[in-house]
Amino acid sequence: MQTPNYSALLRAACASFLLLTASACGSAPTHDAPPAPGNAGLLAQIQAEVGAAACDSTQQCKTIAIGAKACGGPERYLAWSSKDYDGKKLKALAQAQAEASRKQQQADGMMSTCSIVTDPGATCQAGRCVLQKSGLGGSNAM
């Protein structure tokens, strides 16, 4: 009778457990993740509304939360400019898109890692508002 290889069995059990755990948790949306199918039109409108985000100074650069994670909070942030724009329509579109994301996630039973996406803040670089690099933080959220 052959003795079982407990080391190999343990590795296989651990790998199966990790695979099961990862699939049960779902995936956390990232800023590179494609939008949910129902949100594509709203996301396109948001991006069109942001446009070139032209700026003369960092004071004109703002951020807006986009999307919604299954555990709460936004999926990501976009930089926009208040140079020639008050952002009211952009804010309404972002709220509608976040609500559509929440509804889609509930309908699909989606879950996430519940990681927190913090507002990176925005700055004016080469005449365009862009998100600041991670860790710099910001307080110019809409």
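Computed from a predicted structure; not experimentally measured.

**Let's talk about the environment of Ser81**
Turning to step 1, where the next piece is worked out: Within the secondary structure, Ser81 sits in strand S2 (residues 76-81).
Turning to step 2, where the next piece is worked out: Residue classification places Ser81 among the buried positions, given a relative accessible area of 8%.
Turning to step 3, where the next piece is worked out: Sequence spacing of Ser81 and Cys61 is 20 residues, and the spatial spacing of their C-alpha atoms is 4.7 Å.
Turning to step 4, where the next piece is worked out: Residues within four places of Ser81 in sequence aside, it is in contact with Ala53, Ala54, Cys55, Gln60 and Cys129.
Turning to step 5, where the next piece is worked out: Within polar-contact distance, the side chain of Ser81 engages the backbone oxygen of Ala54 at 2.4 Å.

**Let's talk about the packing of helix H2 (residues 40-50) against helix H3 (residues 88-108)**
Turning to step 1, where the next piece is worked out: Packing of H2 against H3 leaves a shortest axis separation of 9 Å and a crossing angle of 160 degrees. Taken together, the axes of H2 and H3 lie roughly antiparallel to each other. In the packing of H2 onto H3, the handedness of the crossing is left-handed. Contacts between H2 and H3 involve Leu42, Leu43, Gln45, Ile46, Glu49 and Val50 on the former and, on the latter, Lys89, Leu90, Leu93, Ala94, Ala96, Gln97 and Ala100.

**Quick look at the state of the cysteines**
Turning to step 1, where the next piece is worked out: Applying the stated rule across the entire model yields three disulfides.
Turning to step 2, where the next piece is worked out: Through a disulfide, Cys55 is tied to Cys124; the S-S separation comes to 2.0 Å. Because the sign of the S-S torsion sets the handedness, a value of about 95 degrees for the bond joining Cys55 and Cys124 places this disulfide among the right-handed ones. With Cys55 in the loop between H2 and strand S1 (61-66) and Cys124 in strand S3 (residues 122-125), the pair connects residues that are 69 residues apart, well separated along the chain.
Turning to step 3, where the next piece is worked out: The class of Cys55 is buried, set by a relative accessible area of 5%.

**Some remarks on the packing of aromatic side chains**
Turning to step 1, where the next piece is worked out: One pass over the full model with this rule turns up one aromatic pair.
Turning to step 2, where the next piece is worked out: Ring centres 5.8 Å apart and planes at 85 degrees place the aromatic pair Trp80 and Tyr85 in the edge-to-face group.

**Quick word on the environment of Lys62**
Turning to step 1, where the next piece is worked out: Its place among the elements puts Lys62 in strand S1.
Turning to step 2, where the next piece is worked out: C-alpha of Lys62 to C-alpha of Leu131: the two residues are 69 residues apart in sequence and 8.8 Å apart in space.
Turning to step 3, where the next piece is worked out: Only 3.3 Å separates the side chain of Lys62 from the backbone oxygen of Gln59, close enough to count as a polar contact.

**A word on H3**
Turning to step 1, where the next piece is worked out: Given a rise of 1.5 Å per residue, 21 residues ought to cover 30 Å, and the 30 Å separating the end C-alpha atoms of H3 matches this to within 8%.
Turning to step 2, where the next piece is worked out: Buried residues of H3: Leu90, Leu93, Ala94, Gln97, Ala98, Ser101 and Gln105, and no others. Within H3, the buried residues cover an arc of 135 degrees as seen down the axis, which keeps them to one side. Exposed residues lying more than 90 degrees from the buried face of H3 are Lys88, Lys89, Lys103, Gln106 and Ala107.
Turning to step 3, where the next piece is worked out: Residues of H3 that are buried in the fold lie against H2, S1 and S2.
Turning to step 4, where the next piece is worked out: Phi turns positive, to about 70 degrees, at Gly109, one or two residues after H3.

The rules we used
Residues numbered from 1 in each chain as written. Predicted model: local features only at pLDDT ≥ 70, side-chain atom pairs only at ≥ 80, totals over all residues. Heavy atoms only, no water. Helix = DSSP H or I, 4+ residues; strand = E, 2+ residues; numbered from the N terminus. Buried < 20%, exposed > 50% of the residue type's maximum accessible area, 1.4 Å probe, protein only. Contact = heavy atoms within 4.5 Å. Polar contact = N/O pair within 3.5 Å; in protein donor to acceptor, adjacent residues only side chain to side chain. Axes fitted to C-alpha atoms, helices over the stretch in contact; angles between N-to-C directions. Parallel < 35°, antiparallel > 145°, perpendicular 65-115°, else oblique. Left-handed = near helix turned anticlockwise from the far one by under 90°. Disulfide = S-S within 2.5 Å. Phe/Tyr/Trp six-rings, centres within 6.5 Å; stacked < 30°, edge-to-face > 60°. Expected span 1.5 Å × (residues − 1). Arc of directions from axis to C-beta.

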